[in-house]
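# Breakdown of the fold
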Amino acid sequence: MACPIDPAELQKLKFFVGLCESQPQLLNLPQLAFFKSFIEKLGGKIPEGSPSFGGVPDPEPATKQQHNDKDEPATKAEDSEPESDVELDMEGCVEPDGEPDQPMGDDSKEASEEDIDKANELRSKAAAAYSEQNYEEAVKNFTEAILLNPRSALYHAKRGQAYLKLVKPNACIRDCNRALELNPDSATAYKFRGRANRLLGKWEEAAKDLRQACKLDYDEEADEWLKEVTPNAKKIEQHKLKQERRRQEKELKERQERVRKAQEANRKAAEESAKGDADFGDFLGGGGGGGGGSEDILNAFKDPEVAAALQDIMSNPANIGKYQNNPKVMNLVTKIAGQASQSGFPGFGGGAGGFPGGFPGGFPGAGSGAGGFPGTGGGSTGGHKTTDDLD
């Protein structure tokens, strides 16, 4: 029979099929979604990935690399805008001290009454040294008192106070941390730790500690220190709130853009799929004459058993004999032949050329043209004898 496809178009089709064989990922392109869908309906599977044309790499990785090289640093700089950009009053701040860890005493030791009495005497000596501005001596006496009574939160906090006078804020913070481990409600420890944080320029921590100190036991000096650190602490807080809003706005825009791109991709895929189904329906219905029958045929292809059987028949028409007792397959073949007969598609029923070799055994209702499906309607030779013939 004569091929219904123009030789020039057939040559293009051969080239396209050869290209798909060498690079099946080609069918992942959105423009070919309709053909990919058709292959998958027939039981085929398309490997994931993108095609590579003529050894030229996929441009997408280069685009991503360019984005990583140029856009990411700017993004990171924006996300991690340093606090140094905030104008802060750093007057009175000092460099961190390198004071080695001071003795904290043995936690497991239970101080005896004698130890407690000696520790109180040393505390008194430390207080006297402190009042005379002999802060090194005060630290020494408090250290001896701590070794005798290591579970006294007050001794640790007061030694931290002496370290403040020596401008050793880190040593003060270590002592106050220990004092708060022993007594979480030590207002004295919060007060001096807040002052030490202020000297280090840790404005938020300083404000938090000093507020807690005033809450636990109001102190005019602690309140004055709190007023001193509050302006800088508020600037940093507002700066962080601004950063957080910016981050949230950025995340929202990125999420909206991802949604928009996903919706656009889904829309294009749906259009391509609809176009592919329409093209296949046109083929079955002869350019729009198939009506609801074409839709039924397309739905039938979703059945893997039917799709595989039709593929088997298309590869060798003689194989139709295997499916004579399968109503699902024979109904589909009958519908296809009927649609083709209505459209005058060559090789089915009403066409001139007929399907090469015919379908052995034939099936009813597929037309009456010469060379069509033997045994169908008024076709010529090769069909099964009817009951009237046998009689």
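You'll find the structure just up there.
Residues numbered from 1 in each chain as written. Predicted model: local features only at pLDDT ≥ 70, side-chain atom pairs only at ≥ 80, totals over all residues. Heavy atoms only, no water.

## Focus: the overall build of the protein
Counting its regular elements, the protein contains 14 helices and zero strands. The order of α-helices and β-strands along the protein, N terminus first, is α-α-α-α-α-α-α-α-α-α-α-α-α-α. Among the 391 residues that make up the protein, the fraction classed as buried is 33%. A separation of at least 24 residues holds for 55% of the contacts in the protein among residues at least 6 apart in sequence. (Helix = DSSP H or I, 4+ residues; strand = E, 2+ residues; numbered from the N terminus. Buried < 20%, exposed > 50% of the residue type's maximum accessible area, 1.4 Å probe, protein only. Contact = heavy atoms within 4.5 Å.)

## Quick look at the packing of aromatic side chains
For any pair of aromatic rings, the description consists of the separation of the ring centres together with the inter-plane angle of the planes. Here the structure, examined in full by the defined rule, presents three aromatic pairs. Between the aromatic rings of Y130 and Y135, the centroid separation amounts to 5.2 Å while the plane-to-plane angle is 65°, which identifies the pairing as edge-to-face. Among the aromatic residues, ring-to-ring pairing joins F34, F35 and F38 into one connected group. (Phe/Tyr/Trp six-rings, centres within 6.5 Å; stacked < 30°, edge-to-face > 60°.)

## Quick look at the nonpolar core
Nonpolar side chains tend toward joint burial in soluble globular proteins. One finds L164, C172, A189, F192 and V229 to be the most contacted residues of the largest nonpolar core, which totals 30 residues. Counting only elements with at least two residues in this core, the list comes to helix 5 (135–148), helix 6 (153–165), helix 7 (169–182), helix 8 (187–199), helix 9 (203–216) and helix 10 (220–285). Here the element with the most residues in this core is helix 7; it accounts for six residues. Contact partners of F192, with chain neighbours within four places excluded, come to A157, Q161, L164, C172, C176 and W225. Among the nonpolar cores identified, the runner-up in size contains 15 residues, and A309, Y323, V333 and I336 belong to it. (Core = buried A, V, L, I, M, F, W, Y, C linked by side-chain atoms within 4.5 Å.)

## Section: the pattern of salt bridges
Scanning the entire structure with this criterion turns up 18 salt bridges. Here E244 makes a salt bridge to R247, at a shortest N to O gap of 2.4 Å. Taken together, the residues E244 and R247, both in helix 10 and three residues apart, mark about one turn of the helix. Residue E244 is classed as partly exposed on the basis of its relative accessible area of 31%. On the basis of relative accessible area, R247 is assigned to the partly exposed category, the value being 33%. Measuring nitrogen to oxygen at the nearest pair gives 2.4 Å for the salt bridge that ties E271 to R267. Here the residue E271 and the residue R267 both occupy positions in helix 10, the gap between them amounting to four residues, near one helical turn. Through salt bridges with shared partners, a single network forms among K191, D219 and E221. (Salt bridge = Lys/Arg side-chain N within 4 Å of Asp/Glu carboxyl O.)

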